[in-house]
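Remarks on the overall topology
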Amino acid sequence: MISIRHLRKEYEEATPLLDVNAEIEKGEVISVIGPSGTGKSTLLRCINALESPTSGQILIDGEDITDKNCKKHLLRRKMGMVFQSFNLFAHLNVIENVMKAPVDLLGKSRQEAYDRGMELLRTVGLADKATAFPDELSGGQKQRVAIARTLATDPEIVLFDEPTSALDPTMVGEVLAVIKSLAKEGLTMMIVTHEMKFARDVSTRVFYMDEGEIYEDGTPEQVFDHPVREKTRQFIRRLKVFEESITSHGFDFLAVNTRLEEFGRRHLVPQKTVRCAETVFEELCVQTLLPLSDGEPDIRMTLEYSEENESADMRISYGGRSFASLGEADPLSAALIGNSATEIAFRETGSAEYPHEITLKLK
Amino acid sequence: MEIKKIENGNELKLAVAGRLDTTSAPELEAEIASMPDVTDSLVLDFSELEYISSAGLRVLLAAQKKMNVKGKMTLTGVNEDVMDVFEITGFSDILTIE
Ligand SMILES: Nc1ncnc2c1ncn2[C@@H]1O[C@H](COP(=O)(O)OP(=O)(O)O)[C@@H](O)[C@H]1O
Ligand SMILES: [Mg+2]
């Protein structure tokens, strides 16, 4: 369906794509991952003809879109693109946003565009918002409308460029669920994402981009579990670190939990381990250490997750009064902490800032 | 956390959804404190409850003590994670779980 051959893209300051080659078949769901600045967005924009390559070819159903004589607007109709920012028309309501391209560009009747539009809004779970205006919607709802709008032109392939990066963490799930359901229906998609769990679950194939090329290409199992090349390994197996500090008695507990869950989702931390981390954070940091600190608290929590050996280590450093054994905690809290960790150690660090430290190996 | 309340004669049913933790436990505590005098059966529907911490457990313990005097308290729809917490804390022996 799409052949990319020796694609190169130079800008004055950078050459993000040196030599990209790929064959993409109908029905494939490809996640594009990699460090930032490695040309993922540039690749999508070249495929969508928003950008002209410096050299090389992109063939879509046999037609070369880099050819000057090619009718770009016809080819672009075969493709839809969803961006980080939703770019809805603020003066049009939801269904009008979805109907606009089919009516203006494809010449569909308003009735036809409306019927299809409502069907798509049902697909993304927003039929009841058809007459709402964009600024009445949450970020997650806006992005779902943007997806429905893209689907309204019946594209053969949809390109997503970090569709959830601009969203509040609580809204990421609903957008990913919509994309997942489209994958189930067999839509051909290419998705640039940092959501690793999602990439693993939804894709038939993963491109890891680095060094100006598709550095590694394989099934999710190959790329995530058995990466062959050095840079892929580093990217996949890099230690994932999560840090939080409690510096006031009224700190935002809910926000910390949301970030912790987001961290777990992004880095494929098993759900059970995330639960253990939440439990230790609440029972040890919030229920036990926080009440011990007179005045301004200063409790620092670091969670390190290593995908390589699937281990999660938590370190809690704090000042003020020392808490030296689980026996000093409330029995309920102690039982829950004990059930979440395989090892727990208490230590005096000798540092002035954080004299006490507790380290735990989470289950 | 979200609490749905259904009053049916002498029975009060509270369906608790989400997380019962340090920040949300006081809400359930307040709901139970404002229970009508006639209530002699308190049903806590936990089928949508995802997480419970010691703060939630303490509210359950206080509620159980209160209902021991007034009638009975029953928990329904407890999921595996929450059940695990009840078991390691010994709450599964104190509570009536259906
Ligand atoms: N329109 C542009 N003009 C100049 N440089 C660009 C442009 N778009 C991207 N670049 C450069 O190309 C490189 C790759 O960018 P991009 O494709 O956005 O990477 P990614 O999406 O993987 O983070 C970066 O160094 C970026 O600065
Ligand atoms: Mg990008």
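A brief look at the structure comes next. What you are looking at is a predicted structure, and each value in this text was computed from that prediction instead of being measured. (Residues numbered from 1 in each chain as written. Chains lettered and ligands numbered in written order. Predicted model: local features only at pLDDT ≥ 70, side-chain atom pairs only at ≥ 80, totals over all residues. Heavy atoms only, no water.)

**Description of the sheet that holds strand β7 (residues 157-161) of chain A**
All names here are of chain A.
- The strand order β6-β7-β8-β3-β9-β10 describes an open sheet built from 6 strands, whose pairing is mixed. At either end of the open sheet lies a strand with only one pairing partner, and these are β6 (79-82) and β10 (213-218). For this sheet, the mean inter-axis angle between neighbouring strands, taken without regard to orientation, is 20 degrees. (Pairing = 2+ DSSP bridges. Helix = DSSP H or I, 4+ residues; strand = E, 2+ residues; numbered from the N terminus. Axes fitted to C-alpha atoms, helices over the stretch in contact; angles between N-to-C directions.)

**Things to note about the interface of chain A and chain B**
- Each partner contributes residues to the interface: chain A has 17 residues there, and chain B has 17 residues.
- Here chain A meets chain B over a buried area of about 1400 Å², counting both sides, of which 52% is carbon and sulfur.
- Of all residues in chain A, Arg275(A), Leu332(A) and Leu336(A) give up the largest surface area on contact with chain B, accounting jointly for 38% of the area buried on that side.
- At the surface where chain A touches chain B, the tally comes to 4 salt bridges.
- Taking the shortest distance from any N to any O, the salt bridge between Arg19(B) and Glu261(A) comes out at 3.6 Å.
- Counting across the interface, chain A meets chain B through 13 residue pairs in polar contact (both at pLDDT 80 or more).
- In terms of residue count, helix α11 (residues 271-292) of chain A provides more of the side of chain A that touches chain B than any other element does, 7 residues in total.
- Among the residues forming the side of chain A that touches chain B, the class breakdown is 6 nonpolar, 5 polar and 6 charged. (Contact = heavy atoms within 4.5 Å. Buried area = accessible area lost by both parts, 1.4 Å probe. Salt bridge = Lys/Arg side-chain N within 4 Å of Asp/Glu carboxyl O. Polar contact = N/O pair within 3.5 Å; in protein donor to acceptor, adjacent residues only side chain to side chain. Nonpolar A, V, L, I, M, F, W, Y, C, P; charged D, E, K, R; others polar.)

**A short note on the pattern of salt bridges**
Residue and element names in this part refer to chain A.
- Counting across every chain of the model gives 32 salt bridges over all chains.
- Asp154 is the partner of Lys108 in a salt bridge, and the nearest nitrogen-oxygen pair spans 3.4 Å. Linking Lys108 in the loop between α3 (94-104) and α4 (110-123) with Asp154 in the loop between α5 (139-151) and β7, this pair joins segments that are 46 residues apart in sequence.
- Here Lys108 falls in the buried class, since its relative accessible area comes to 18%.
- Note that Asp201 and Lys197 form a salt bridge whose closest N and O atoms lie 3.1 Å from each other. (Buried < 20%, exposed > 50% of the residue type's maximum accessible area, 1.4 Å probe, protein only.)

**A short note on α3(A)**
Residue and element names in this part refer to chain A.
- Burial in α3 covers these residues: Val94, Ile95, Asn97, Val98, Met99, Ala101 and Pro102.
- Along its buried surface, α3 packs onto α4 and α5.
- Its side-chain oxygen 3.3 Å from the backbone nitrogen of Ile95, Asn93 forms the N-cap of α3.

**Observations regarding the site of ligand 1**
All names here are of chain A.
- Around ligand 1 lies a shell formed by Tyr11, Ala14, Pro16, Ser36, Gly37, Thr38, Gly39, Lys40, Ser41, Thr42 and Arg45.
- Within the backbone of Gly37, one N or O atom sits 2.7 Å away from an oxygen atom of ligand 1.
- Take Arg45: an N or O atom from its side chain is 3.3 Å from a nitrogen atom of ligand 1.
- For ligand 1, whose unbound accessible area comes to 560 Å², protein coverage reaches 61%.
- Looking at side-chain class alone, the shell around ligand 1 contains 3 nonpolar, 6 polar and 2 charged residues. (Near = heavy atom within 4 Å. Areas by Shrake-Rupley, 256 points an atom, 1.4 Å probe, with all protein chains shown as cover.)

**Points about the sheet that holds strand β1 (residues 2-9) of chain A**
All names here are of chain A.
- Ordered by their spatial adjacency, 4 strands build an open sheet running β2-β1-β4-β5, and the pairing between neighbours is antiparallel. Every other strand in the sheet has two partners, leaving β2 (17-24) and β5 (63-64) as the edge strands with one partner each.
- Its contacts with the sheet put helix α1 (residues 40-47) on β1, β2 and β4 (55-60), and the angle it makes with β1 is roughly 125 degrees.

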